[in-house]
Each structure stands twice: as C-alpha cells, then as structure tokens.
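Tertiary structure, described
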Amino acid sequence: RGMTGDSVTADAFARTAIALDARLGHPLTASVTFVYAYFLRHWLHPLAGALQLNLDGIRAGFEMGDIQFGAYHASAYVIHLLGSGGALAEVARIGEEHLRLIGDRNRTAAAHCRMQVDFAAALMGRTPVPTSMARDRVRSEAEEDAHLQALDLVARSNYLIRRLQLALLFRDLGTARS
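Conventions used here
- Residues numbered from 1 in each chain as written.
- Predicted model: local features only at pLDDT ≥ 70, side-chain atom pairs only at ≥ 80, totals over all residues.
- Heavy atoms only, no water.
- Phe/Tyr/Trp six-rings, centres within 6.5 Å; stacked < 30°, edge-to-face > 60°.
- Helix = DSSP H or I, 4+ residues; strand = E, 2+ residues; numbered from the N terminus.
- Buried < 20%, exposed > 50% of the residue type's maximum accessible area, 1.4 Å probe, protein only.
- Lys NZ or Arg CZ within 6 Å of the ring centre and 35° of its normal.
- Expected span 1.5 Å × (residues − 1).
- Polar contact = N/O pair within 3.5 Å; in protein donor to acceptor, adjacent residues only side chain to side chain.
- Contact = heavy atoms within 4.5 Å.

Our focus in this paragraph is the packing of aromatic side chains. Across all of its chains, the model carries 6 aromatic pairs by this definition. Relative to phenylalanine 69, the ring of phenylalanine 34 lies with its centre 5.7 Å away and its plane at 55°, an arrangement referred to as tilted. In this pair, phenylalanine 34 sits in helix 2 (residues 29-40) while phenylalanine 69 sits in helix 4 (residues 67-83), placing the two residues 35 residues apart along the sequence. Of the two residues, phenylalanine 34 and phenylalanine 69, neither departs from the other in class, the shared state being buried. Between the aromatic rings of phenylalanine 69 and tyrosine 72, the centroid separation amounts to 5.6 Å while the plane-to-plane angle is 70°, which identifies the pairing as edge-to-face. One end of the pair, phenylalanine 69, and the other, tyrosine 72, are both in helix 4, 3 residues apart, so they sit about a helical turn from each other. Feature note: the residues Phe34, Tyr38, Phe39, Phe69 and Tyr72 constitute an aromatic cluster, connected by ring pairs. The side chain of arginine 162 reaches across the aromatic face of phenylalanine 119, ending 4.0 Å from its centre.

A few words now on helix 2. Taking 1.5 Å of rise per residue, the 12 residues of helix 2 would be expected to cover 16 Å, and the 16 Å separating its terminal C-alpha atoms lies within 8% of that figure. In terms of burial, helix 2 is largely enclosed, as 9 of its 12 residues are buried. Taken together, the buried positions of helix 2 are occupied by Thr29, Ala30, Ser31, Val32, Thr33, Phe34, Tyr36, Ala37 and Leu40.

On to the side chain of threonine 29. In this fold, threonine 29 is placed in helix 2. In terms of polar contacts, threonine 29 uses its side chain to reach the side chain of histidine 26, at 3.1 Å. Ignoring anything within four residues of it in the chain, the contact list for threonine 29 reads Asp21, Phe34 and Ala60.

Glancing now at unusual backbone geometry. Unlike most non-glycine residues, histidine 26 shows phi in positive territory, near 65°. Mapped onto the elements of the fold, histidine 26 is located in the loop between helix 1 (7-23) and helix 2. Residues other than glycine seldom take positive phi values, yet arginine 171 does so here, at roughly 55°. The exposure class of arginine 171 is exposed, given its relative accessible area of 73%.

Rendered as structure tokens:
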C-alpha cells in the first residue's frame, strides 16, 4: 500500500499471504498477520476487526517461538482495542497483562503498549494532572526532556502526539502550544 497507494490490492495481497501461510501449515502466522493487521487492514476495514488477528498472532508467535511478532501483536492488540473504542479500564488491564507477557523480550513492543496504558490512565484521571502520561508524579521539565531523549524517534513522536491529544481533550492550550 505504501508503495502504490492501492489499498484494495494491498489488502488482497495480504489476505493471499495469510491463506498461503495457512496452506503451508502456519509457519509464518505471527509475522504475516501482524503486517496485515497493523499496517494494512485498517485502510479498508473497521479497526476492531483486527483484534482477533492480534490474538491469533500472539498465540502463534509465543507458541512457535516467534517472540518478536508475538510481542508486536500483544502491543498492537492494546493499540487496536483503544483505537476501536474499548473501555479504558479494559485497555489498561489488558495492556498491563500484555506488558507482562512481552516482558523484556521486545523493547519496541513494550514501549508502544506502555504508551497506550498510560494514555488510558490519563483519560481515566489516574495521572497527577490531566495532560500528563506519567502516572506517579508530575515530571519536572528536565525529567520530561530526559524521558523524551530516552525514546527512539517513533516512540518520541507517538508520545508527543498523545500528549497533544490530552492537551486538546482537556482544553489545556498552554500545554498544547509547548
């Protein structure tokens, strides 16, 4: 899809890859379903429909030793659950469960999952201030800068987007501007 902009053909190609994986005995289920569920499916289909693919991918990944994609699916499940309107308490609970499952085996997946859990916590009012994603206390400017520097570029971008969303939702224009 990214190369041609053709979502319909990309969707058909990905579904074909999933069918071929099934015919071959599912050797690549975790990776094939992740690419489809995370990068392609949502362009044509409701986000909630990816949840079962994510659950299947978690199971396949961890059962077959494809820990990387099992962990990615665990994180994507939480992202998709939140994005499809899942109850915030459920997002936070499942997110914490998936963080335990991911453990220290996939730092990227864990960071993405943690961000959804923290965002849900902020939306539920479980942070010191509504626009914060730090659950324990308000971070100083220096601590916030250090936190941002510790994140890779994608995680930093996602974090700043979530902070901006919180600022706009809670009508904190000062935070939104900074």
